[in-house]
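Residues per chain are reported as follows:
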Amino acid sequence: MQHDTRDEQHKQQDPHEHHEHHDSRPAEHADRSAHVGHTAHTPGKAGWSMAARATLHCLTGCAIGEILGMVIGTALGWGNAQTMILAIVLAFAFGYTLTLRSILKAGVDVRTAFRVALAADTLSIAVMELIDNGVIALWPGAMDAQLADALFWGALALSLAVAFAVTTPVNKWMIGRGKGHAVVHRYHH
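Nothing here was measured: the structure is a model prediction, and the numbers come from that model.

Novice: Explain the overall build of the protein to me, please; I cannot follow it from the model alone.
Specialist: A count of helical and extended segments in the protein gives seven helices and zero strands. The linear arrangement of helices and strands in the protein, starting from the amino end, is α-α-α-α-α-α-α. Residues classed as buried in the protein amount to 33% of the 189 residues present. Considering only residue pairs separated by 6 or more positions, the protein has 68% of its internal contacts joining residues 24 or more positions apart.

And the structure:
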């Protein structure tokens, strides 16, 4: 009897309402079932604080690599292009290393951890490096500033801040789609 009542209500319901009702429920159910216990990491639910933490993680690796690369390049008397290339390579290396470290602590094998780090950090580090190095390259005199110059450190600090501001929305977008640092969060329990 109750089934008949539901069928009558179902037939009387506006077809548009019926369509909306059934379209939204499977998507909500799929999101919940895929991430039981991890609702903060559900695709589409990425918050700004999660994106900022992911960006700060990448920024840390990038900053270490950038500074170390510039110190080494300057100490060896290299030109701007060689020093910048070294800084970029080291930024990626340190960015990946920080992620690898946290994934390996979760007990994941090295091969899987490396793939996760590549998936999690590549776009984020690439955007950060593009913005960071672009700001330094366009800042008058910044490319020729020495380690002892305030201009060197001021330009570096501003370039990293701009890179953080531009990369955070990229990370938010990626995490919201289950990519980027959302992949890393699957290994943190």
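Novice: Looking at this model, I keep getting lost on the packing of aromatic side chains. Mind explaining?
Specialist: Aromatic ring pairs are reported here in terms of the distance separating the ring centres and the angle at which the planes meet. Enumeration according to the criterion identifies two aromatic pairs in this entry. Seen in terms of ring centroids, Phe92 and Tyr96 are 5.9 Å apart; in terms of plane orientation they differ by 50°. Their pairing is tilted. In this pair, Phe92 and Tyr96 both sit in helix H4 (residues 80-105), four residues apart, roughly one turn of the helix. Relative accessible area serves as the criterion here: at 15%, Tyr96 is assigned to the buried category. Taking 4.7 Å as the distance between ring centres and 85° as the angle between the ring planes, the aromatic pair formed by Phe152 and Trp153 counts as edge-to-face. Assessed through its relative accessible area of 7%, Phe152 is described here as buried. Overall, the relative accessible area of 39% leaves Trp153 in the partly exposed class. Sitting over the face of the ring of Trp48, Lys172 holds its NZ or CZ atom 5.1 Å from the ring centroid.

Novice: Help me out: how do you make sense of the layout of surface pockets in this one?
Specialist: The gaps left among the atoms become clear once a water-sized probe is rolled over them. In this structure, the largest pocket occupies an estimated 270 Å³ of space. As for the largest pocket, its lining consists of 19 residues, and the residues nearest its centre are Thr74, Asn80, Thr83, Met143 and Ala145. A total of four residues in the lining of the largest pocket trace back to one element, the largest contributor, which is H4. Residue composition of the lining of the largest pocket, by class: eleven nonpolar, seven polar and one charged.

Novice: How do you make sense of helix H3 (residues 48-75) when you look at a structure like this?
Specialist: For the α-helix, the turn length of 3.6 residues means that residues three or four positions removed from each other point alike. Taking 1.5 Å as the rise per residue, H3 with 28 residues should run 40 Å; its terminal C-alpha atoms sit 39 Å apart, in good agreement. In the segment just after H3, Gly77 is the residue with positive phi, at about 75°.

Novice: Is there a simple way to explain the packing of H3 against helix H6 (residues 150-176) in this structure?
Specialist: Viewed as axis vectors pointing N to C, H3 and H6 meet at an angle of 145°, and their least axial separation amounts to 8 Å. In this structure, H3 meets H6 at a crossing whose hand is right-handed. Facing Trp48, Met50, Ala51, Ala52, Ala54, Thr55, Leu56, Leu59, Ala63, Ile67 and Met70 of H3, the residues of H6 in contact are Phe152, Trp153, Leu156, Leu160, Phe164, Thr167, Thr168, Pro169, Asn171, Lys172 and Ile175. Broken down by class, the residue content of the contact of H3 with H6 amounts to 17 nonpolar, four polar and one charged.

Novice: Explain the side chain of Thr83 to me, please; I cannot follow it from the model alone.
Specialist: For Thr83, the position within the fold is in helix H4. Among the residues examined, Thr83 registers a relative accessible area of 10% and is labelled buried. Here the side chain of Thr83 touches Gly79 through a polar contact of 2.9 Å, landing on its backbone oxygen. Once residues lying within four places of it in the same chain are set aside, the contact partners of Thr83 are Gly69, Met70, Gly73, Thr74 and Trp78.

Novice: Can you help me understand H4 in this one?
Specialist: Between its first and last C-alpha atoms H4 spans 37 Å; for 26 residues at 1.5 Å apiece the expected length is 38 Å, and the two agree. Looking one or two residues beyond H4, the residue adopting positive phi is Gly107, at roughly 90°.

Novice: Would you mind showing me how to read the environment of Trp78 here?
Specialist: Within the secondary structure, Trp78 sits in the loop between H3 and H4. Residue class for Trp78 comes out partly exposed when judged on its relative accessible area of 41%. Apart from residues lying up to four places away in sequence, Trp78 is in contact with Gly73, Thr83 and Leu86.

Novice: What am I meant to see in a nonpolar patch on the surface here?
Specialist: Taken together, the side chains of Leu68, Ile72, Leu76 and Trp78 present a nonpolar region at the surface, about 360 Å² in accessible area. Mapped onto the secondary structure, Ile72 falls in helix H3. Residue Ile72 is classed as partly exposed on the basis of its relative accessible area, which comes to 31%.

Thresholds applied
- Residues numbered from 1 in each chain as written.
- Predicted model: local features only at pLDDT ≥ 70, side-chain atom pairs only at ≥ 80, totals over all residues.
- Heavy atoms only, no water.
- Helix = DSSP H or I, 4+ residues; strand = E, 2+ residues; numbered from the N terminus.
- Buried < 20%, exposed > 50% of the residue type's maximum accessible area, 1.4 Å probe, protein only.
- Contact = heavy atoms within 4.5 Å.
- Phe/Tyr/Trp six-rings, centres within 6.5 Å; stacked < 30°, edge-to-face > 60°.
- Lys NZ or Arg CZ within 6 Å of the ring centre and 35° of its normal.
- 1 Å grid on protein atoms, 1.4 Å probe; cavity = no way out; pocket = protein on both sides within 12 Å on 5 of 7 lines; lining within 4 Å.
- Points joined across faces, edges and corners; volume = space filled by probe spheres on them.
- Nonpolar A, V, L, I, M, F, W, Y, C, P; charged D, E, K, R; others polar.
- Expected span 1.5 Å × (residues − 1).
- Axes fitted to C-alpha atoms, helices over the stretch in contact; angles between N-to-C directions.
- Left-handed = near helix turned anticlockwise from the far one by under 90°.
- Polar contact = N/O pair within 3.5 Å; in protein donor to acceptor, adjacent residues only side chain to side chain.
- Patch = residues over 30% accessible without salt bridge, like charges linked within 9 Å, V, L, I, M, F, W, Y side chains within 5 Å.
- Areas by Shrake-Rupley, 256 points an atom, 1.4 Å probe, with all protein chains shown as cover.
- Salt bridge = Lys/Arg side-chain N within 4 Å of Asp/Glu carboxyl O.

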